[in-house]
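One-letter residues, chain by chain:
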Amino acid sequence: MTNELKRPDYAIIADWIRPGSHVLDLGCGNGTLLAYLKRNKAARGYGIEINDDHITECIRRNINVIHMDLNEGLSEFDDDSFDYVILSLTLQAMQRPDLILQEMMRVSTEGIVTFPNFGYLRSRLQLALGRMPKTRTLPHEWYDTPNIHLCTLKDFEDLCRQLHLEVLERRAVDRAHKTSLGLRLFPNLLGKIALYRFKKL
């Protein structure tokens, strides 16, 4: 599965999707995940993307894609339109992460979010040395990064509580998106990427 999907986090997300589900993928990129879900999970749905080149690739893959800026919300969609809304490695680039989570829960039964963990040990060490962190999951310099709202696992879980969201599953994984005993014991310290599945309380 990981070879087909290329991004290992997609494999975890795909495992969380029930067959036959109606899915909305926010920031869907070239449509790889949606194409996989359509082919292997009989899923149907839409992708939202702002990059014109990615939209062209989605159309080539026969993916329903909408050109839209996520920061403007999901007003195109009615309440409870989807079984799942996915936001993969995009939360940190949102102007208002809290509002996009609320919109996700307005239009769907469950949400799936993945993000780079700013509480990761190497990031903490770089901050302790007086530098903004730069890692493989956060490769940009501080002055040209698209990431404007970085958070830790604890920060995200605090926000979920404020928004009355119930976390159904959480994974903290390394760069290869694998877990270990250390990651299970100290997810906020050792996890490079965080993956969450949640719903409204």
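Residues numbered from 1 in each chain as written. Predicted model: local features only at pLDDT ≥ 70, side-chain atom pairs only at ≥ 80, totals over all residues. Heavy atoms only, no water.

Enquirer: Could you give an account of the overall build of the protein, with specific residues and numbers?
Expert: Along its length, the protein carries nine helices and seven strands. Computed over the C-alpha atoms, the radius of gyration of the protein is 16 Å, within 12% of the 17 Å expected from 2.2 N^0.38 for a compact globule of 201 residues. Reported as C-alpha extents along the three principal axes, the dimensions of the protein are approximately 45 × 35 × 35 Å. By residue count, 48% of the 201 residues in the protein fall in the buried class. (Helix = DSSP H or I, 4+ residues; strand = E, 2+ residues; numbered from the N terminus. Rg over C-alpha atoms; globule rule 2.2 N^0.38 Å. Buried < 20%, exposed > 50% of the residue type's maximum accessible area, 1.4 Å probe, protein only.)

Enquirer: Describe in detail a nonpolar patch on the surface, supporting the description with residues and values.
Expert: A contiguous nonpolar surface patch, about 570 Å² in accessible area, is contributed by L121, L125, L181, L185, F186 and L190. Contributing elements (two or more residues each) for the nonpolar patch: α6 (121–128) and α8 (181–185). Positionally, L190 belongs in helix α9 (residues 187–190). (Patch = residues over 30% accessible without salt bridge, like charges linked within 9 Å, V, L, I, M, F, W, Y side chains within 5 Å. Areas by Shrake-Rupley, 256 points an atom, 1.4 Å probe, with all protein chains shown as cover. Salt bridge = Lys/Arg side-chain N within 4 Å of Asp/Glu carboxyl O.)

Enquirer: So, unusual backbone geometry: which residues are in play, and what are the values?
Expert: Phi angles above zero are rare outside glycine, and A42 is one such case at about 50°. Looking at the element boundaries, A42 is found in the loop between α3 (32–40) and β2 (44–49). The exposure class assigned to A42 is exposed, which follows from its relative accessible area of 53%. Even without being glycine, N62 reaches a positive phi, approximately 65°. Relative to the assigned elements, N62 resides in the loop between α4 (52–60) and β3 (65–67).

Enquirer: Quick one: what's the story with the nonpolar core, residue by residue and with numbers?
Expert: In this structure, L24, L26, L74, L101, V113, F156 and F198 are the most contacted members of the largest nonpolar core, which totals 30 residues. Looking at this core, the elements with two or more residues in it are β1 (22–26), β4 (82–88), α5 (97–107), β5 (108–116), α7 (153–162), β6 (165–173) and β7 (193–200). Of the residues forming this core, the biggest block, five residues, is contributed by α5. Beyond its immediate stretch of four places on either side in the chain, F156 contacts L91, L101, V113, F115, C151, Y196 and F198. Residues I12, A35, C58 and I193 belong to the second largest nonpolar core, which totals 22 residues. (Core = buried A, V, L, I, M, F, W, Y, C linked by side-chain atoms within 4.5 Å. Contact = heavy atoms within 4.5 Å.)

Enquirer: Outline α5, listing residues and values.
Expert: Of all eleven residues making up α5, eight are buried, and the element is well covered by its neighbours. Where α5 is buried, its residues contact β1, β4, β5, α7, β6 and β7.

Enquirer: Got a sec to walk through the sheet that holds β6? Specific residues and values, please.
Expert: Strand order in the open sheet formed by seven strands is β3-β2-β1-β4-β5-β7-β6, and the pairing between neighbours is mixed. Looking at which strands have only one partner, the edges of the open sheet turn out to be β3 and β6. Geometrically, the sheet is characterised by an average inter-axis angle of 15° between neighbouring strands, direction not taken into account. Two strands pair when backbone bridges link them, and β4 and β5 are joined in this way by six bridges, in the parallel orientation. When the bridges of β5 are listed, V85 appears paired with G111. Against the sheet, α3 touches β1, β2 and β4, its axis set at about 170° to β1. (Pairing = 2+ DSSP bridges. Axes fitted to C-alpha atoms, helices over the stretch in contact; angles between N-to-C directions.)

Enquirer: Which residues make up the packing of helix α2 (residues 8–16) against α3, and what values go with them?
Expert: Between α2 and α3, whose axes approach to 11 Å, the crossing angle comes to 40°. Like other packed secondary-structure pairs, α2 and α3 cross with a definite hand, here right-handed. Counting all contacts with α2, which are made through Y10, I13 and A14, the residues of α3 involved are T32, L33, Y36 and L37. For the contact of α2 with α3, the residue count by class is six nonpolar, one polar and no charged. (Left-handed = near helix turned anticlockwise from the far one by under 90°. Nonpolar A, V, L, I, M, F, W, Y, C, P; charged D, E, K, R; others polar.)

Enquirer: Summarise the pairing of β5; cite the residues concerned and give the values.
Expert: Consecutive residues of a regular strand have side chains that alternate between opposite faces of the sheet. Across the nine residues of β5, eight count as buried, placing the element largely inside the fold. For the handedness criterion, the β-α-β arrangement of β4, α5 and β5 is classed as right-handed. Direction of pairing for β5 relative to β7: antiparallel, over a ladder of seven bridges. Bridge pairing links T114 to L195 in β7. (Right-handed = clockwise from strand over helix to strand, strands pointing away.)

Enquirer: I'd like a description of the environment of G27, backed by residues and values.
Expert: With respect to the helices and strands, the residue G27 is situated in the loop between β1 and α3. Among all residues touching G27, those that are not within four sequence positions of it are I48, E49 and L70.

Scope: geometric values only; no functional claims are made or implied.
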